[in-house]
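# Fold and geometry: a report
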Amino acid sequence: MSRVVFAAALAWSGSYAFGQVTATLTGQVSDPAGAAVPGAEIVVENSVTRYRRQLSSAVDGRFTVTNIPFHTYQVTITKPGFAPEVRMVSLRSSVPVNLLAVLQLQSTQESITVSASESALLVDPEETGTHIQMNQSDMDRLATATGNRGLEAALVSMPGFSQNANGAIHPRGAHNQMTYVIDGMPISDQLTGAFANAVDPNIAQTVELFTGNVPAEYGNKVSGVASITTKSGVGSGRRFTGSTTAAAAGFGVLSQVTAAAGEAGQFGYSVVVNTMKSNRYLDQVSLDNLHNGGNSERAFLRLDYQAGARDTLRMNVIAGRSSFQLANLRSQHAHRMDQRQLLRDASISANWVRAIDARTTLETSASYRPTNAQLANSRGDTPVTAAQDRHLSTVTAGLRVSTVRGRHQLRAGADWQHFPVSENFAFGVTSPAFNDPSSPSFNPRLLPYDLTRGGTLFRFVGRGAGNLYSGFLQDNPRLGPFQLALGLRYDNYRFLSAGNQLQPRLGLSYNLKRTGTVLRASYSRLYQTPPNENLLLSNSRQAYQLAPDSVREALGEPAPIRCERQNFYELGLQQALFGRVSLNASYYHKDATDQQDNNNFLNTGIIFPISLRRIRVNGAEGRINLPPARGVGATLSFTHARAVSTPPFTGGLYLGQDAVDALTSGPFVIDHDQVFSFQGILNYSHKRGWYSSFSARYDSGLVAGMVTPASVAQDPDFRDLLPYVNLLSRPPRVNPRTICDLVAGYERLEDGRKRWDVSVQFTNLTNRTALYNFQSVFVGTRLVQPFTAGVRVRYYF
């Protein structure tokens, strides 16, 4: 009697095995007689994460799928004349998984077929923390603000994030402690529109987001980790393919994205070039969109090479540039203030993977990333003129070993980071009313730099370099219904301050198969390093000398900003509902000493790191996911966070007495605290090519600055914003808002291939006037984008 043999084994098979964050699936399809089955269709998919890859077996029946994010997948193999086979495969390691499939003839009655129910993917019993995945198709049709600049526009649709101005996002009550890992290259710079060039979403194939029980492999800034797998030409089946996209929208937005990819023999390549200009480059600071134009250019190149049966090489090159005006208040515009900022970055990374044996891989990587930020002042600057030229470079080298031994999936590694910094900064007071000697808030230490009273520019020039040495070990054994995550990390930080920390990362999940329930709990010790942007000035005695005498007496001698030490606890639940819907919910608590944060220098886009004594955050969040069925899919994410910080503070560059008082008066609810937010996304796709995506987001409001309605009513720059902020609540908050966006389009297919695509997009459908922030000590004042319409056309080649 013939039977199906469908064996899953860990084996080296001369396949591609990419990087630190992806899995590889290989296999061979044969018939009951052992002959190869060419042209069999293989589909690897997860309906919850919406990942899907489709390919055909080669002449010898073999197939290889690379760049697969770690998860559990349904693998379906079909071929006319044979019975289809469906299996569940867990891909959690860079060690390749090999599938040997013997397809049964369809006419044979004795054949054994095992079908996997789609509902089995609604929960993932191997997850011990909050982990969500997005794919390129999700991001491509997501209704986001027109002219958005970075990946954060997609990440904010996930639970756990508070939305802020200029693309800033706050993960679980933190300021912006995110690390982006691009094909294994970590980037912990603050990647938001005003401070640095953000990650281009067009380069991403998949994005994995970790916010709870973050694996021990990740360090530096880990309130959220976005692991990005970029697009590769490997598996494209063509020497040259791609698309070009042109888009236009309100506020003079014009953009284009051109992408190309291909493979030839042992080589694969992928290229993306993205350009954009807008007359509303940053979020405006008043109801009038004044002096706010800008443009950006980004390029990406990925090269893959199969050097031999055991060795794979990859190189990435990324470059970005943006030049833009800084948005003016009305009073600044009347003075013809014309400050401009230029941001540049580049990076090159290389990765080598060697298959040691059937169960072990060795990975090495190195990267270099220089960045530069320049602020140009103008003759009309008010109330302060400022200029900057800052350089920050990051050199990283890493080693990883992955091995599978029975139920153990072991991974160990070591990293070294070197970060040279140079800073050149100057400012001077240009308005006689800013630090008036007759005012109760007069600070005599600013008088030498008051250009209206005979002062000169404050100048700071500094250079320095730091190092971070790290090592980790992690294992993910499974014991019946229990899944364990056992990790230990060590960081040794050496810069303006010095410190080290052992960090256990422990998680446990329990699977109740009968009810479709997975319970989880975790504890993580986190060690987060200070931001390197303007760290030298923030820690300098020159900056300390600017503080009022009362603050200097209260704080004593300045101390360097230290690494944040954090305890993080999480309880979570996954639940399958009605065989079609998944729920993923969690409650977390974190307490930290030496809290990391920033202050924004008078809406200039220059940030200065600060540290507060401690922070306590409690939060709850969840995500309901309806996988696509009959063309309809939906998600609903909800977030609650309560964040209370305790002074005193260290670092920063605060020129106003009110800001200093706010940070020294006792525990306070910090500005990225938000009681509640939710975002719902409804997608529709018709088999004839029509599609749409509708998004609605509600935010209850971030914390505003401690100002009185009477003082704001007398300020011509801000008095018309009073209806959009509640300054009498405790703490004061910007008013709640609901913003709706819509995308609708048509995709033309011919012979199963995409040919062209056209879509229209509407941002802020109801034209709701709303604030992100209002006179915040940390980020100033910014408004939500008004109603904007746009159109996009894409051609595939």
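To be clear, the structure that these remarks concern was listed above.
A few points on the structure. Given the structure is predicted, the values throughout are model-derived calculations rather than measurements.

## Let's talk about the sheet that holds strand β13 (residues 185–187)
One open sheet holds the 5 strands; their spatial order is β9-β14-β15-β12-β13, and the pairing between them is mixed. Edge positions in the sheet fall to β9 (131–135) and β13, since each of these pairs with one other strand and no more. Taken over all neighbouring pairs, the strand axes of this sheet differ in orientation by 20° on average, direction set aside. Judged from the 5 bridges that link them, β9 and strand β14 (residues 204–210) form a sheet pairing that is antiparallel. Residue pairing for β14: Asn-135 is matched across the bridge by Thr-206.

## Observations concerning the packing of aromatic side chains
In total, this model carries 22 aromatic pairs according to the counting rule given. Pairing Trp-690 with Tyr-746 gives two aromatic rings, centres 4.7 Å apart and planes at 50°, and the pair type is tilted. In this pair, Trp-690 is assigned in strand β36 (residues 690–699) and Tyr-746 in strand β39 (residues 737–750), connecting sequence segments 56 residues apart. Trp-690 gets classed as exposed once you look at its relative accessible area, which sits at 52%. Since its relative accessible area comes to 15%, Tyr-746 is described here as buried. Through a chain of ring-to-ring contacts, the aromatic side chains of Phe-425, Phe-427, Tyr-449, Phe-458 and Phe-608 assemble into a single cluster. Looking at Arg-141, its charged tip hangs above the ring of Tyr-691, at a distance of 3.8 Å from the centre. A cation over a ring is seen here: Arg-280 above Phe-251, with NZ or CZ 5.9 Å from the ring centre.

## Digging into the pattern of salt bridges
Taken as a whole and judged by the stated rule, the model has 37 salt bridges. Linking Arg-172 and Glu-570 is a salt bridge whose minimum nitrogen-to-oxygen distance equals 2.8 Å. Of this pair, Arg-172 sits in the loop between β11 (169–171) and β12 (178–182) while Glu-570 sits in strand β30 (residues 564–577), and the two are 398 residues apart along the sequence. Of the residues examined, Glu-570 reaches a relative accessible area of 2% and is grouped as buried. Through salt bridges with shared partners, one network takes in Arg-92, Asp-124, Glu-126, Glu-127 and Arg-478.

## Points about the environment of Gly-480
Take Gly-480: it is sitting in the loop between β26 (478–479) and β27 (482–494). With relative accessibility at 55%, the residue Gly-480 sits in the exposed group. Sequence-wise, Gly-480 and Ala-373 are 107 residues apart; in three dimensions their C-alpha atoms are separated by 53 Å.

Definitions and cut-offs
Residues numbered from 1 in each chain as written. Predicted model: local features only at pLDDT ≥ 70, side-chain atom pairs only at ≥ 80, totals over all residues. Heavy atoms only, no water. Pairing = 2+ DSSP bridges. Helix = DSSP H or I, 4+ residues; strand = E, 2+ residues; numbered from the N terminus. Axes fitted to C-alpha atoms, helices over the stretch in contact; angles between N-to-C directions. Phe/Tyr/Trp six-rings, centres within 6.5 Å; stacked < 30°, edge-to-face > 60°. Buried < 20%, exposed > 50% of the residue type's maximum accessible area, 1.4 Å probe, protein only. Lys NZ or Arg CZ within 6 Å of the ring centre and 35° of its normal. Salt bridge = Lys/Arg side-chain N within 4 Å of Asp/Glu carboxyl O.

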